[in-house]
Amino acid sequence: MTHITFQPASGPLRGEIEVPGDKSISHRSVIFGALAYGTTKVRHFLEGEDCMRTVEAFRQMGIKIDREGPVLRIHGNGPEALKEPQAPLYFGNSGTTTRLMLGLLAGLPFFTVVYGDSSLSARPMDRVVNPLRQMGAEMNGRESGSYLPLAIRGKKLQGIDYSLPVKSAQVKSAVLLAGLFAGGETIVRESSATRDHTEKMLQAFGADITANGLQTSISSGAKLEAGNIYVPGDISSAAFFMAAAAIIPGSHLVLKAVGLNETRTGLLDVLQKMGGDIRISNRKSSGGEDIGDITVSYADLHGITIEGELIPRLIDEIPVIALLATQAEGKTVIRDAEELRVKETDRISAVCDVLKTLGADIEPTADGMIIHGKSKLTGGKAASYQDHRIAMMAAIASLAAKGEVVLDDASSISVSYPDFFADLTKIQS
Ligand code: S3P
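Residues numbered from 1 in each chain as written. Predicted model: local features only at pLDDT ≥ 70, side-chain atom pairs only at ≥ 80, totals over all residues. Heavy atoms only, no water.

A.B. asks: Describe the overall build of the protein chain, listing the residues and the values that go with them.
C.D. replies: Helices and strands together make up the secondary structure of the protein chain, namely 14 helices and 23 strands. For 429 residues, the compact-globule estimate of 2.2 N^0.38 gives 22 Å, and the protein chain sits close to it at 21 Å. With the principal axes as the frame, the protein chain shows a C-alpha extent of 60 × 45 × 40 Å. Across the 429 residues that make up the protein chain, the buried fraction comes to 61%. Long-range pairs, those at least 24 residues apart, make up 75% of the contacts in the protein chain with a sequence separation of at least 6. With an accessible surface of roughly 15,300 Å², the protein chain has 49% of that area assigned to carbon and sulfur atoms. The centroid of the 44 positive side-chain charges in the protein chain is displaced by 2 Å from the centroid of its 50 negative side-chain charges. (Helix = DSSP H or I, 4+ residues; strand = E, 2+ residues; numbered from the N terminus. Rg over C-alpha atoms; globule rule 2.2 N^0.38 Å. Buried < 20%, exposed > 50% of the residue type's maximum accessible area, 1.4 Å probe, protein only. Contact = heavy atoms within 4.5 Å. Areas by Shrake-Rupley, 256 points an atom, 1.4 Å probe, with all protein chains shown as cover. Lys, Arg positive; Asp, Glu negative; His and termini not counted. Charge placed at Lys NZ, Arg CZ, Asp CG, Glu CD.)

A.B. asks: Any chance you could break down the environment of Asp-126 for me, citing the residues and the numbers?
C.D. replies: Along the chain, the position of Asp-126 falls in helix 5 (residues 126–134). A relative accessible area of 28% places Asp-126 in the partly exposed class. C-alpha separation for the pair Asp-126 and Gly-136, spaced 10 residues apart in sequence, amounts to 15 Å.

A.B. asks: Tell me what's going on with the packing of aromatic side chains, and back it up with residues and numbers.
C.D. replies: Taken as a whole and assessed by the stated rule, the structure comprises 7 aromatic pairs. With 5.5 Å between their ring centres and 75° between their planes, Tyr-417 and Phe-420 make a pair best called edge-to-face. When sorted by exposure, Tyr-417 lands in the same class as Phe-420, which is buried. Joined through ring pairs, the aromatic side chains of Phe-6, Phe-241, Tyr-417, Phe-420 and Phe-421 make up one cluster. Between the NZ or CZ atom of Lys-223 and the centre of the ring of Tyr-37, over which it lies, the distance is 4.5 Å. (Phe/Tyr/Trp six-rings, centres within 6.5 Å; stacked < 30°, edge-to-face > 60°. Lys NZ or Arg CZ within 6 Å of the ring centre and 35° of its normal.)

A.B. asks: Could you give an account of the sheet that holds strand 18 (residues 305–306), with specific residues and numbers?
C.D. replies: Spatially, 18-19-21-20 is the arrangement adopted by the 4 strands of the open sheet, whose pairing is mixed. The open sheet has two edge strands with one neighbour each: strand 18 and strand 20 (361–365). Here helix 11 (residues 318–326) sits on the sheet and contacts strand 18, strand 19 (330–334), strand 20 and strand 21 (368–373); the angle it forms with strand 21, its principal contact strand, is near 25°. In this fold helix 12 (residues 347–357) packs onto strand 20 and strand 21, with an angle of close to 165° to the strand it touches most, strand 20. (Pairing = 2+ DSSP bridges. Axes fitted to C-alpha atoms, helices over the stretch in contact; angles between N-to-C directions.)

Structure representation (structure tokens):
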């Protein structure tokens, strides 16, 4: 591991950033493109490590995927074009690749073994394996199939009516993907809305899917048709620079063409409630996804409570929201976020550990954290936990700190934001 040192900001942050393509939408564009008939062309695809795992998996299953300039092309020929992979599929650090692919592989007529890195191998897969088994899937792995590696013998599946026990778009998507090839109808019911990119994109590809509030139904039979996809900027990546502008006095940053899907914009609501100065302009829509420019300027922030239905709409932004809270007057409480315990790392412990080390007043709770602001961060030595969002949060924290922040390793950032360092430099020059 190589240490990396981040310096405090020497003045206000200024400029425009074109944030990388949305990770969730990039994964889905490859999956549905590979299942469709014809060539799907994807612009602004995120070439981060996670999405490249999805690309590699389909290449191993015989799908040609190439580039024409900046456009990623997926040459699909329907599900029959997918071939049994000759070797196990490696999913690296990518939970989305794993959970969505399990839904697909369960119903394809071949045998597959899938595995991942040490973080992924410790993440729960029973949340996907259980509903898929109810549909007739044959999956085997450690602890009754709760963890990778998993071996999957594809079967003809049957639709189910499934109420999600966890608020997870990955689980919802896995069941919907299985439902795409299962007999009868598959219904998924949620208790709070999670990101709905799967539903939107399947609709655009022509699947027989109906999304109605918290209930989505899908049936097999419709042929998916290839299309052109523009991937909006990832609000979860934009979040780091939104936070940076909000906490460094005098700053003003514009984040261009960011995805504004309602199921993802919890951070905008939170920043507004905290007293942030935030504006949206140039609104447009593409493939059912809302897009716009986000302008954030420095403002005095105050603490708030973040809970309930808001949590799934900002689940990946909680590390950087915790940082915002350290720079806000008063108390911020985050609750109902126990899902953070099973992300790339236990993000409740990791966030509290890193921010405490850097001088914040923060305590973990079973399902979230309590932060008292405003603290002058001191800087210091922090651990990234090999988690991209923890590493980027620590880098942004350094901007607001008195002294430098030395991070044990920042290589995980390439999972979702390969140009993070270039953008961090750009806004300071
Ligand atoms: C994702 C869903 C969320 C999110 C992850 C991406 C997706 O995970 O945290 O980064 O693309 O569906 P969960 O489904 O585990 O909540």
